[in-house]
Amino acid sequence: MNSNQFPYLACAIATVLMLVALRGSQPGADGSTQLPLLTLLLICEFAFIVTLTAVITGLRQQLRDGFTLNPALATGGCLIYAVGFLLLGLRFWPDAPLLG
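The structure presented is a predicted model; accordingly, all values stated were derived computationally and were not measured.

Asker: Would you mind showing me how to read the nonpolar core here?
Answerer: In summary, soluble globular proteins display a tendency toward joint burial of nonpolar side chains. Residues Ala10, Cys78, Tyr81, Phe85, Leu88 and Phe92 are the most contacted members of the largest nonpolar core, which totals 20 residues. Put simply, the parts of the chain that give this core at least two residues each are helix H1 (6-24), helix H2 (37-65) and helix H3 (69-92). No other element matches the 8 residues that H2 contributes to this core. In contact with alanine 10, other than residues within four places in its own chain, are Val50, Thr51, Ala54 and Cys78.

Listed below in structure tokens is the structure:
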């Protein structure tokens, strides 16, 4: 795989994982989530690492090759997903000091 394609692939993977994490965190009738807490935390951690790596790769590509719109949009999307997965993972963490 060409490293120039990584932000696109990471953005697609992050979209799927965000949907899984949001759907799996919905409480059921008994108050428990549809996916176990550890699974939700692992999804968020894995997706955060992948999207953060894509942001770094995309920024290096932009600095090396000059600004182009499509890679910049993919890199920006990965940045938004990285922040989203970080906040979502902190929200799932029991007794997290941040985000109440």
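Asker: I tried to follow the state of the cysteines on my own but got confused; where do I start?
Answerer: Disulfides are covalent bonds that connect the sulfur atoms of two cysteines. The final tally for this structure, using the stated rule, is 0 disulfides. In this structure cysteine 78 is not part of a disulfide, and its nearest cysteine sulfur, from cysteine 11, lies 4.5 Å away. Cysteine 78 sits in the buried class, given a relative accessible area of 0%.

Asker: Which parts of the structure should I look at to understand a nonpolar patch on the surface?
Answerer: A cluster of nonpolar side chains, Leu9, Ile13 and Phe46, forms an exposed patch at the surface whose accessible area comes to about 260 Å². Its place among the elements puts leucine 9 in helix H1. Judged by relative accessible area, which is 40%, leucine 9 ranks as partly exposed.

Asker: Looking at this structure, how should I read the packing of H2 against H3?
Answerer: Relative to each other, H2 and H3 sit at 155°, their axes nearing to 8 Å. On the basis of the axis angle, H2 is roughly antiparallel to H3. At the point where H2 passes H3, the crossing takes the left-handed sense. Here the contact of H2 with H3 is built from residues that sort into 20 nonpolar, 6 polar and no charged.

Asker: I keep staring at the environment of serine 25 and nothing clicks. Help me out?
Answerer: By secondary structure assignment, the location of serine 25 is in the loop between H1 and H2. With a relative accessible area of 11%, serine 25 lands in the buried category. Along the chain, serine 25 and proline 71 lie 46 residues apart, while their C-alpha atoms are 31 Å from each other. With residues near it in sequence (within four places) discarded, serine 25 still touches Thr33, Leu40, Arg91 and Phe92. From its side chain, serine 25 meets the backbone oxygen of leucine 22 in a polar contact 3.0 Å long.

Calculation rules
- Residues numbered from 1 in each chain as written.
- Predicted model: local features only at pLDDT ≥ 70, side-chain atom pairs only at ≥ 80, totals over all residues.
- Heavy atoms only, no water.
- Core = buried A, V, L, I, M, F, W, Y, C linked by side-chain atoms within 4.5 Å.
- Buried < 20%, exposed > 50% of the residue type's maximum accessible area, 1.4 Å probe, protein only.
- Helix = DSSP H or I, 4+ residues; strand = E, 2+ residues; numbered from the N terminus.
- Contact = heavy atoms within 4.5 Å.
- Disulfide = S-S within 2.5 Å.
- Patch = residues over 30% accessible without salt bridge, like charges linked within 9 Å, V, L, I, M, F, W, Y side chains within 5 Å.
- Areas by Shrake-Rupley, 256 points an atom, 1.4 Å probe, with all protein chains shown as cover.
- Salt bridge = Lys/Arg side-chain N within 4 Å of Asp/Glu carboxyl O.
- Axes fitted to C-alpha atoms, helices over the stretch in contact; angles between N-to-C directions.
- Parallel < 35°, antiparallel > 145°, perpendicular 65-115°, else oblique.
- Left-handed = near helix turned anticlockwise from the far one by under 90°.
- Nonpolar A, V, L, I, M, F, W, Y, C, P; charged D, E, K, R; others polar.
- Polar contact = N/O pair within 3.5 Å; in protein donor to acceptor, adjacent residues only side chain to side chain.

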